[in-house]
Amino acid sequence: MANITVTIDGKQLSAAPGETILKIARDAGIQIPTLCHNEKISRTTSCFVCVVKDIKSGRFLPSCSACPADGGEYESSSAEVSDMRRSALDLLLSEHNGDCEAPCTIACPAHADVEAYVRAGRDGDFLKSLQIIKTRIPLPMSIGRVCPRFCEVDCRKNITAGEGGAVCINDFKRLAADLHYEEYMEELPELNGKKVAIIGAGPAGLGTAYYLRMQGFASVIYEKMPKPGGMLRYGIPEYRLPKDILDKELNHFNKLGIEILCNQELGKDVTLDELKKDFDAVAITVGCWKPSSMRTEGEELAAPGIEWLEKIARNGWKGKNPGRTIVVGGGNTAMDCLRTSVRLGSDNVQCFYRRTEKEMPAEDIEILEAKEEGVIFNFLTAPVSLRQGENGLILTCRKMELGEPDASGRRRPVPIEGSDYEVEADTVIAAIGQKTAIPDATIPANRWGDVEADKISQQVNDNIFAAGDCISGAATVVEGVAGAFRVANSIAAYLADIDPTTVHADPINVSRGHWRNMAIDDLVFLRNDISDEPRVEFDFLPPAERKHTMDEVSRTLTKENMMKEGERCIECSCTSRDECKLKEHSESYGAKPDAIKGEKIKAGYDNRHPSIIHDRMKCIKCGICVKICKEVVNENLLSIKQRGFSAKVEAAFGQPLPDSCSECGECIEKCPVGALDWKIKK
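Residues numbered from 1 in each chain as written. Predicted model: local features only at pLDDT ≥ 70, side-chain atom pairs only at ≥ 80, totals over all residues. Heavy atoms only, no water.

**Here's the deal with the overall build of the chain**
Step number 1: Per the secondary structure count, the chain includes 23 helices and 29 strands.
Step number 2: Considering only C-alpha atoms, the chain reaches an extent of 110 × 60 × 55 Å along its principal axes.
Step number 3: Taking the intrachain contacts of the chain between residues at least 6 apart in sequence as the baseline, contacts between residues at least 24 apart amount to 70%.
Step number 4: Put simply, the chain shows about 30900 Å² of open surface, and 48% of that area lies on carbon and sulfur atoms. (Helix = DSSP H or I, 4+ residues; strand = E, 2+ residues; numbered from the N terminus. Contact = heavy atoms within 4.5 Å. Areas by Shrake-Rupley, 256 points an atom, 1.4 Å probe, with all protein chains shown as cover.)

Right under this line is the structure:
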């Protein structure tokens, strides 16, 4: 029979009668996405992701099964076709019930592959764990000590072990780095000849230099302080982060060939115009070193918290006894000032905070340890004025009560009239917040006083970019390195003449939900040997001992303890997260998991097979596994049970898959979403 002529996207093609539009298009190099199509089996036509438009009739057809007539004309890449494919993907996502990524990784600002490095630690391979950590955490020794553990807050182990029973994730970073950091060395790409100037050797600046080096870019960091580290050195006390540990970590940057020039202040020792001219790009990564005002009369008599800590840091974390000490504020800097005052010898240290303890932004562990060390907390108390008295400073305070929520979502403190009282102190420290001190007048500022930069690319203007606290406001170390990862990718794109806004993907993430809204029956267990032992106990210096020393409060946990701790990990992410075609196509077409909302059927899962997990909740009912088993393997082990929305794929009579399936795996290889998959993650 003579060939027919078909037009696809304006391209005239010759094809044999009976060939599908999909085959004709692919033979011509025209790519059409598919989910339910597989060349080894008969046509399924269930997903409609492969739709094309028949120009003559205006109908949309599934290209995997539609066979064109002679003279047919079709569109496969128009905006209208893309919109139809997006709708099909939205529908599939609306009933797809899984976890593309583990909640711990999503919660981590740096998006470290938590599961993978915990799993390596569980197996005792902490060098491999460090290698995984370093892809997203360039400062593992420091972050392993000072991170507020965003990952653990969202860990689903809290369901089975109660709140606070999360896997002790952060300590895997600390142990892996402590064990192997001096011997560890990355495989470095050749330098490409491009060079970047970085202003500030804090977490964001160091992170930017690191990520750029890993892409072949050289950099020079300009730091105004005598030594590098930024807040790590001059803001975080010795008892939380020993500076010999920090120095060991920073020495690694020398091994990477990253140049750090200290005592080099922008605007004084070097100008922005010079750097723009001499370097291919410039990254502004200064921290928030400008203290916020108490907005009270006599506040000039109070020591700004961050400046007070810096002064002590410059003196090797030594200083005179501050005497009766009052710290105003409720964040981590306030806690650092309180606990440092205790270590300098004060036996009368008080914290004044205008909200309740529940609203305090400081980490719970910092508040608890401060209390253990004898700090007295005065909640719902605000400063009114400060003056010099005969026997010291006199702070006038006012009692508060909570009113309606403010812009931050916390209830606004409202003063109680007639409640003023006075407190005497030798030292008053104002630790109520910090702001960006923009180092050059030509750098634009937003209404909050931070550097004005594009929200996606972090580009300021021309070849200038910014990252870290100077664009986000005061944040954590791990948030600083997360911003560094983003800006390094933007700079790399810019220097490759690529629009820097286009390199930041918006990944699809289907989630089963937050652990607070889940029951134990909602969890999926790949392994039957997940430990229900209590969370590993930290090794702290006792309060009576740590009050009188700047020694590190907590010790690194042992390898044996952390290997056992790794056995508690549920491993929540999808086994097929890197190969899922539904995820791939959804990201390409901008489909959203919440575009179509509704209740998802909890079809359950089957992990009875020794090496295969069958997670029916992820199944999109494409039918590939059923036909592969029947038409290719010549078995009838799987079939679709029930009808409509309640349809599900199962083995006969609710039995598990036979052990012999371990030798086959055809259905696993062809499943587009990992509903059938090997249990062991790699």
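**Regarding the domain arrangement of the chain**
Step number 1: Domain assignment breaks the chain into domain 1 (4-77), domain 2 (103-184 + 524-566), domain 3 (195-289 + 436-495), domain 4 (292-434) and domain 5 (601-678).
Step number 2: One C-alpha centre belongs to domain 1, the other to domain 2; they are set 51 Å apart. (Domains from an automatic or database assignment.)

**Things to note about empty space enclosed by the protein**
Step number 1: Scanning all chains against the criterion turns up 5 cavities of 30 Å³ or more.
Step number 2: If you trace the largest cavity, you find 17 residues lining it, with R512, V524, C572, S573 and D615 closest to the centre.
Step number 3: Considered class by class, the residues forming the lining of the largest cavity number 7 nonpolar, 3 polar and 7 charged.
Step number 4: When residues of the lining of the largest cavity are assigned to domains, at least three map to each of domain 2 (103-184 + 524-566) and domain 5 (601-678).
Step number 5: Considering only enclosed or pocket space, the second largest cavity measures out at about 130 Å³ in volume.
Step number 6: Lining the second largest cavity are 16 residues; nearest its centre among them are C104, C155, C569, I570 and C572.
Step number 7: Where the lining of the second largest cavity is concerned, the elements lending two or more residues are α3 (103-107) and α4 (114-122).
Step number 8: By residue number, the principal contributor to the lining of the second largest cavity is α4, which donates 3 residues. (1 Å grid on protein atoms, 1.4 Å probe; cavity = no way out; pocket = protein on both sides within 12 Å on 5 of 7 lines; lining within 4 Å. Points joined across faces, edges and corners; volume = space filled by probe spheres on them. Nonpolar A, V, L, I, M, F, W, Y, C, P; charged D, E, K, R; others polar.)

**Structural notes on the state of the cysteines**
Step number 1: Counted according to the given criterion, the structure contains 0 disulfides.
Step number 2: C572 carries a free sulfur, and the closest cysteine sulfur to it, the one in C569, is 6.6 Å from it.
Step number 3: There is no disulfide at C664, and the cysteine sulfur nearest it, in C667, is 6.4 Å away. (Disulfide = S-S within 2.5 Å.)

**Focus on the pattern of salt bridges**
Pairing between side chains of opposite charge can happen when the charged atoms of each approach one another.
Step number 1: Counted by the stated rule, this structure contains 51 salt bridges.
Step number 2: A salt bridge links R145 to E552; the nearest nitrogen and oxygen atoms lie 2.7 Å apart. Taken as a pair, R145 in helix α6 (residues 140-146) and E552 in the loop between α19 (543-546) and β24 (554-555) lie far apart in primary sequence, 407 residues in all. Judged on exposure class, the residue R145 and its partner E552 are both buried.
Step number 3: A salt bridge links E369 to R339; the nearest nitrogen and oxygen atoms lie 2.7 Å apart. Of this pair, E369 sits in helix α16 (residues 364-372) while R339 sits in helix α15 (residues 332-343), and the two are 30 residues apart along the sequence.
Step number 4: Take E369: its relative accessible area is 6%, and that puts it in the buried class.
Step number 5: Within the structure, one salt-bridge network assembled from shared partners comprises R240, D336, R339, R343, E366, E369, E372, E373 and R546. (Salt bridge = Lys/Arg side-chain N within 4 Å of Asp/Glu carboxyl O. Buried < 20%, exposed > 50% of the residue type's maximum accessible area, 1.4 Å probe, protein only.)

**Remarks on the packing of aromatic side chains**
Step number 1: Applying the stated criterion across every chain, the model contains 8 aromatic pairs.
Step number 2: Ring centres of F126 and F172 lie 6.4 Å apart, and the angle between their planes is 15 degrees; this geometry places the pair in the stacked category. Linking F126 in helix α5 (residues 126-134) with F172 in helix α9 (residues 170-180), this pair joins segments that are 46 residues apart in sequence.
Step number 3: Residue classification places F172 among the buried positions, given a relative accessible area of 0%.
Step number 4: Aromatic side chains F377 and F379 sit 5.7 Å apart centroid to centroid with 15 degrees between the ring planes, which places their arrangement in the stacked category. (Phe/Tyr/Trp six-rings, centres within 6.5 Å; stacked < 30°, edge-to-face > 60°.)

**Examining the environment of E666**
Step number 1: When you line up the elements, E666 lands in helix α23 (residues 666-670).
Step number 2: Sequence separation between E666 and V633 is 33 residues, and the spatial gap between their C-alpha atoms is 7.8 Å.
Step number 3: When neighbours within four sequence positions are excluded, E666 is seen to be in contact with K40, I628 and V633.

**A few points about the packing of α5 against α9**
Each packed pair of helices is defined by two parameters, the angle between the axes and the distance between the axes.
Step number 1: Where α5 contacts α9, the two axes come as close as 9 Å, and the packing angle between them is 110 degrees. When the axes of α5 and α9 are compared, the pair comes out roughly perpendicular. Considering the relative orientation of α5 and α9, their crossing is left-handed. Mapping the contact onto sequence places F126, L127, S129, L130 and I133 in α5 and F172, K173, L175, A176, A177, L179 and H180 in α9.
Step number 2: Its residues placed into classes, the contact of α5 with α9 shows 9 nonpolar, 2 polar and 1 charged. (Axes fitted to C-alpha atoms, helices over the stretch in contact; angles between N-to-C directions. Parallel < 35°, antiparallel > 145°, perpendicular 65-115°, else oblique. Left-handed = near helix turned anticlockwise from the far one by under 90°.)

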